[in-house]
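Take a look at the letters that make up each chain.
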Amino acid sequence: MPQPANDRDDDLDELVANLLVRDADVHAATLDAITAKGDRRVVPHLIEILMVHEIASNWDQFGFPEVLREHSPPRYLELPEARWPGVRDALRSIAEPDYDSGYAWVEWESWYSQQDIDPLEGFDEWKLQLYRSFLPPAGRLLDAESRAFDLQDVRWGNCDPSFLAACNEPNFAPGDAVSTDAEGDEMEGDYERYLRPTDTVFGLTIDDTAYAVPRWVLFPHELANLSLKDESVTLSFCTLCNAPICYDRNVGDRTLTFNNTGMLLTGNKIMFDEQTESLWSQHRGVPIAGEYFEDESDIRLDIRPVTQTTWGEWRETHPESLALDIETGYDFNYHFYENNIGFFRHYWNDENAIQPGVTTEEGQLPEKTDVYGVVTDDGTTVRVYPIEEIDENTIETDVIDGRAIVVLRDPANDVAVYEAPLTPVKRDGEVLVDGNSERWRVAHDALVSEADSRELPRIPGRHGLFFAFRSQYDRVEVGSKDRRRSQ
């Protein structure tokens, strides 16, 4: 039986310190001693080392991104001391569950995310030292003097900036040159034909030029730093949240280069900028640790509209669109991900699959609902619209920050939000008709008046699963005011 925890146990402090000794034999003996004590306060420590142990021991099964599993793991995971023999047995002895499957570490992570277990005093410094010693790229980034989060809430995502590398400054090719369905003379060219009409793409427009980034090409990068015309943007994709978000990466007089830390906070990836190594929330676009958090904690990256649709639908409305050249220079087998996003589809679609670090709640919507959200100007509240509820005939009107908006499907069949014309608004085929009978054409970036070409701008929003909004923002509101009144 586990022993009751004492307020202070010097022996236990010494034992968890021994888990950081760079010797697997010491680790094994220490875990035996910890098991004998049976103190539940060591569970957070054991969960941390469990993940490192499992990834290091089973890289060919659990390494991320998957296309790198055929290669050797990072050297720090190959070292013999990056092992804790007996950690699963220790957990099964001290905690309630009895997980022993091939994915037991995932089950333990999911279970732990639903617990509220106070660790031993000094856990923060212990965890920092674990990361510094055994996960040095992540540890260096996490070792910031000031943070907006508790270290216990950060989870390692079994990767780091070196092997979940951002795709920096890739080239774009004419869409006709990379499409698999091009005909005639369009079939000639120097580019690989890889992009099928049914492929999911992330589309954006810069200075009237359209660009498409296939999701399956971005997948092993999760982030791309792009220079398009005179604009510098970051297209960031949290694979757990299924959240593509495009940010302007100009902050003050700096053009930042973003990358992936390999860490998660409440289920959302943590980015960092390479200029200052400040940490940033991927979903909110705000600094959460480091220089920018210390000096400019109220800063938010400007967001750009990004459309999630198919290449066929994007190309139909943007026939001159450029597409990412798959020859990126990163030597990834991108085709691995064409129809194979495997474990992440499990996370997206299975309500019982719990994202690491996310405490589930009975919220306004199921956790895995696909939504599109618009954040208020002060950044505290997000209004989300379930994507399945907005079909090609739906127009939802709302008010955000005192501004009337309409929510509808854009020409590429993605949910979009625009500044509203005079309400009520109805749809007449591809055109909106406002309360004055004025007709508005729906374009990607704006509603355009057919009478005088006035424009009502598109309001940038964020895609993602509902849990990412629920866990990242102070307040989440679902749907228009009329819908909220009826709940």
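Visitor: What is the right way to look at the environment of Thr397 in this model?
Guide: Residue position: Thr397 is located in strand 20 (residues 396-400). Spatially, the C-alpha atoms of Thr397 and Met263 are 38 Å apart, while their sequence positions differ by 134 residues. If near-sequence neighbours (up to four positions away) are discounted, Thr397 is found in contact with Ile405, Val406, Thr423 and Ser480.

Visitor: Teacher, can you tell me more about the pairing of strand 18 (residues 370-375) here?
Guide: As a general feature of sheets, a regular strand has side chains that alternate between the two faces. Where burial is concerned, most of strand 18 is hidden: five out of the six residues are buried. As paired elements, strand 18 and strand 28 (residues 462-465) share four bridges and run antiparallel to each other. Opposite Asp370, over in strand 28, you have Leu465 as the bridge partner. Pairing of strand 18 with strand 19 (residues 381-386), which is carried by five bridges, proceeds in the antiparallel orientation. Counterpart to Val375 in the pairing with strand 19 is Val382. In sequence, strand 18 turns back onto strand 19 through a hairpin of five residues, with Gly379 there showing a positive phi of about 80°.

Visitor: When you look at helix 7 (residues 104-113) in this model, what are you seeing that I'm missing?
Guide: Residue pairs spaced three or four apart in an α-helix point in one direction, given the helix's 3.6 residues per turn. By the criterion of burial, helix 7 is predominantly enclosed, with nine of the ten residues buried. Residues of helix 7 that are buried: Ala104, Trp105, Val106, Trp108, Glu109, Ser110, Trp111, Tyr112 and Ser113.

Visitor: Would you mind going over a negative patch on the surface with me for this structure?
Guide: Together, Glu145, Glu294, Asp295, Glu296 and Asp298 line one region of the surface with negative charge. Here Asp298 shows up in the loop between helix 12 (291-295) and strand 15 (303-304). Judged by its relative accessible area of 68%, Asp298 falls in the exposed class.

Visitor: Just to check I follow, could you spell out the packing of helix 3 (residues 43-57) against helix 6 (residues 87-94) for this structure?
Guide: Two packed helices can be described by the angle between their axes and the distance between those axes. Between helix 3 and helix 6, whose axes approach to 9 Å, the crossing angle comes to 150°. Judged on the interaxial angle alone, helix 6 and helix 3 are roughly antiparallel. The crossing of helix 3 and helix 6 is left-handed. Side by side, helix 3 and helix 6 meet where Val43, Leu46, Ile47, Ile49, Leu50, His53 and Glu54 of the first sit next to Val87, Arg88, Ala90, Leu91 and Ile94 of the second. Its residues assigned to classes, the contact of helix 3 with helix 6 comprises nine nonpolar, one polar and two charged.

Here is what the cut-offs are and how they apply
- Residues numbered from 1 in each chain as written.
- Predicted model: local features only at pLDDT ≥ 70, side-chain atom pairs only at ≥ 80, totals over all residues.
- Heavy atoms only, no water.
- Helix = DSSP H or I, 4+ residues; strand = E, 2+ residues; numbered from the N terminus.
- Contact = heavy atoms within 4.5 Å.
- Buried < 20%, exposed > 50% of the residue type's maximum accessible area, 1.4 Å probe, protein only.
- Pairing = 2+ DSSP bridges.
- Patch = residues over 30% accessible without salt bridge, like charges linked within 9 Å, V, L, I, M, F, W, Y side chains within 5 Å.
- Areas by Shrake-Rupley, 256 points an atom, 1.4 Å probe, with all protein chains shown as cover.
- Salt bridge = Lys/Arg side-chain N within 4 Å of Asp/Glu carboxyl O.
- Lys, Arg positive; Asp, Glu negative; His and termini not counted.
- Charge placed at Lys NZ, Arg CZ, Asp CG, Glu CD.
- Axes fitted to C-alpha atoms, helices over the stretch in contact; angles between N-to-C directions.
- Parallel < 35°, antiparallel > 145°, perpendicular 65-115°, else oblique.
- Left-handed = near helix turned anticlockwise from the far one by under 90°.
- Nonpolar A, V, L, I, M, F, W, Y, C, P; charged D, E, K, R; others polar.

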